[in-house]
Amino acid sequence: MSERRHITTAIFYCNGTPHVGSAYEALAADVFARYWRRRLGRGRVTFLSGTDEHGDKIRRAALAEDLAPKVYTDRMSALFREAWQGLGVSFDYFVRTTDPIHERFVQEMLRRTHENGDLYFRDYEGLYCVDCERFYPEKELSGGQLCPVHNRPVERISEGNYFLRIEKYREQVRDHIAKNPGFIRPERYRNEALNMLAEPLTDLCISRPKSRLDWGIELPFDSNYVTYVWYDAFWAYLSVPALAENPGDMDAAWRRAAELIACSEHFIGKDILKTHAVYWPPILMAAGLPLFRRLNVHGWLNFGGQRMSKSSGNVRDPVSYERAFGPDVLRYFVMRELVYGLDGDFSEERLVQRYNADLANDLGNFASRVLAMAQRYCQGEVRAVPGADLETNLQERVGRKIEELDFKGALEEIWLLIAEANNYIVETEPFKLAKDPANAARVEQILANLLEILRMLAGFLEPFMPVTSWRLFELLGLNPESDAAKAASGEGLKPGHRVKPPIALFPRIDRKPAA
Ligand SMILES: [Zn+2]
C-alpha cells in the first residue's frame, strides 16, 4: 500500500475556550501535517481536528448559561474552529461529535462491538466522579475516597450498565507496544503505558442511563442508554472521513476506517495518555479494526510556572498573539522554544526577544538584503545559474527532525542556513564588488546563489510559518505549488527569472505589544 498519513489533534472538550496550551497541540500537528503534505502530496495526507460535545460536564456548562446543550456547543465549537483557522491550522476535517454522520458511525461501531460479543450488561455499584464522568476502583482514589484527578469526593452510584471487555485485549495491546518502539513516543510515555498495562484492568463502562444523562449518542441496541462520552469522542478520529462520502454504506465506512486508523498519527497531551494507550486500542480491536500508527504525546505549557489550563485561570487567547505580533509568530515561538514531549514555559518577554533576534534580525534582514541587492545590482533579474551545492542534505536533516517530532531541532537547522547565508554575504562582499563594473559577472553569480538560498528557505519554512513562506515565494515571483518552488537546491531559479523588491516582513518591536 502506498504511504499515507492521517494526522489528528485531540478532540477538544468544548466546555472552555481555546488557549495557548491547546493551540500548541494544534500547531504541532499542523507542522507535521504540512510537512507530510509536501513530502507525499496533498492526496495522501488528511489532517483532522474537532470538538467533543457530549457528556454531563457540557450539559451542566450549558445549563449554567441557560442554554440548550446544542446551542452552547454550536457557539463553543465555532470558537475552536475559528481559533485554529486564525493560526493557520490546515485541517481537512473539523469534526463535531454532535454531527449526525459522526453519531451514525458511533452507533455502527457499537453495533459491531456488541455483535462481536465484547459488550456485556451487568448491575454495577461503584464510585463515580461526576467531573471525570467515570467510575474509579477504590484503590485508585486518593485516601480511598477522593478523585485522583479532581481531589474531590466521589459518589457511590448503583445502576445497570454496558461494559467493554478491555482486560480481554490487555496482553495483546501490551505486546504491540513492547514490540513497536515508535508506537508511543517520546519513549518515556511508552514506558508509562507499559506500566499501566502491567496489571489486570477493570472492564470499561461504556454506557450511561438516560435517566441520569441524556446528552449523548443512544445505544443502537438499548434505547434506555446513551454511550459514554470518551467512547463517543475517540471515534471522531475516523467517523466523518470514513462515512461522509457515502453515508449509506456502513461496510465501506468500516473498510475506510480500517485504512485510516492504520496510518493515524494522534497528537495528544500527556494527561490523556491513559485513555489513548489503555482504552482506545481495545475499543478498536473490539470493533474489528487495526491499531493506530502512532501516539505522539506532548507535555504541558506553563505560564508563569503554572500549567496553562481552563481551571487555573491563566489562559490566553492564542489568536491575540497573531493579532499583536503578526502571522506565524506564535507558531514560530512555541515550535522553536519547546521540546516536544516535555513541559515548557511560555513567556511574552521571551517571545519578543525571539521575534527581534530570529525573525526581525536573522530571517527578515536576510530576505530584505538579498532582494534589495538583486534590484540594485541586477534590476531584479536572475542572471546566472545558481550553484547546486548551497546547502548539503539540509532537506533530509530538517525532514528527519520533523518526523522525530524534534521541531525545535528542525528550526535550529534552518536558522543555521540563514546564519551561513548571512556569512556568505559578509565574506563575498557583493556590495563592494559592485562598485567596479568589471566584477558584474561575479556579483550576478553571488546574487543568483543568494536568491536560490532564499527560495530553499521559503520551502523549509512552510510547515512552520505558512504565511511567511507564501510571502517569500510571492517576493521571489514563484507560485508556492510550482515545480520551480519545490525543486532541489540549484534547480529552482533560472536565468531571466524576475524577483520583486523587498518588503519589511518582521518590523522590529521595541516594546511589548498588548496581546
Ligand atoms: Zn474526577
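Residues numbered from 1 in each chain as written. Predicted model: local features only at pLDDT ≥ 70, side-chain atom pairs only at ≥ 80, totals over all residues.

A. Structural view of the overall build of the protein chain. Along the backbone of the protein chain there are 19 helices and 16 strands. In terms of overall dimensions, the protein chain is globule-like: its C-alpha atoms have a radius of gyration of 26 Å, near the 24 Å expected for 515 residues. Residues counted as buried form 42% of the 515 residues belonging to the protein chain. Within the protein chain, residue pairs in contact and separated by at least 24 positions form 74% of the contacts whose partners lie at least 6 positions apart. (Helix = DSSP H or I, 4+ residues; strand = E, 2+ residues; numbered from the N terminus. Rg over C-alpha atoms; globule rule 2.2 N^0.38 Å. Buried ≥ 20, exposed ≤ 12 C-beta atoms within 10 Å, placed from the backbone. Contact = placed C-beta atoms within 7 Å.)

B. Spotlight on the sheet that holds strand 3 (residues 93-96). What the six strands build is an open sheet, ordered 3-2-1-12-13-7; its pairing is parallel. Two strands bound the open sheet, and with one partner strand each, they are strand 3 and strand 7 (184-185). Examined bridge by bridge, strand 12 (residues 264-269) and strand 13 (residues 294-298) share five bridges and lie parallel to one another. Within the sheet, the bridge partner assigned to Phe267 lies in strand 13 and is Asn296. (Pairing = 2+ DSSP bridges.)

C. How the structure looks around the pairing of strand 12. Both strand 1 (residues 5-13) and strand 12 contribute to a ladder of three bridges, which runs parallel. Looking at strand 12, one finds that Thr8 is bridged to His266. Note that the unit made of strand 12, helix 10 (residues 273-286) and strand 13 has a crossover that is right-handed. (Right-handed = clockwise from strand over helix to strand, strands pointing away.)

D. Looking closely at the environment of Tyr237. For Tyr237, the position within the fold is in the loop between helix 7 (229-234) and helix 8 (239-243). A tally of 26 C-beta atoms within 10 Å means that Tyr237 is categorised as buried. In sequence terms Tyr237 and Ile11 are 226 residues apart; their C-alpha atoms lie 7.9 Å from each other. Excluding residues that lie within four positions of it along the chain, Tyr237 makes contacts with Thr8, Leu48, Ser264 and His266.

E. Highlighting the pairing of strand 6 (residues 155-164). Examined bridge by bridge, strand 4 (residues 119-129) and strand 6 share 10 bridges and lie antiparallel to one another. Pairing of Gly126 across the sheet is with Ile157, part of strand 6. Summarising the sheet, strand 6 and strand 8 (residues 204-205) pair through two bridges and their orientation is antiparallel. Residue pairing across strands places Phe163 opposite Cys205, the latter belonging to strand 8.

F. Molecular detail of the packing of helix 13 (residues 348-378) against helix 15 (residues 407-428). Contact geometry for helix 13 and helix 15: axes closest at 10 Å, N-to-C directions at 50°. In terms of axis orientation, helix 13 runs oblique to helix 15. The two elements helix 13 and helix 15 meet at a crossing, and its hand is left-handed. For the pair formed by helix 13 and helix 15, the contact residues are Asp358, Asp362, Leu363, Phe366 and Arg369 on the first element and Trp415, Ile418, Ala421, Asn422 and Ile425 on the second. Of the residues contributing to the contact of helix 13 with helix 15, the split by class is six nonpolar, one polar and three charged. (Axes fitted to C-alpha atoms, helices over the stretch in contact; angles between N-to-C directions. Parallel < 35°, antiparallel > 145°, perpendicular 65-115°, else oblique. Left-handed = near helix turned anticlockwise from the far one by under 90°. Nonpolar A, V, L, I, M, F, W, Y, C, P; charged D, E, K, R; others polar.)

G. Examining the sheet that holds strand 6 more closely. Taking strand neighbours across the sheet as the criterion, the four strands line up as 5-4-6-8 in an open arrangement whose pairing is antiparallel. Of all strands in the sheet, those with a lone pairing partner are strand 5 (134-136) and strand 8, marking the two edges.

H. Summary view of helix 1 (residues 20-40). End to end, helix 1 covers 30 Å across 21 residues, agreeing with the expected 30 Å (1.5 Å per residue, within 8%). Extensive coverage of helix 1 is indicated by the burial of 18 of its 21 residues. Positive backbone phi, at 100°, marks Gly41, one or two positions downstream of helix 1. (Expected span 1.5 Å × (residues − 1).)

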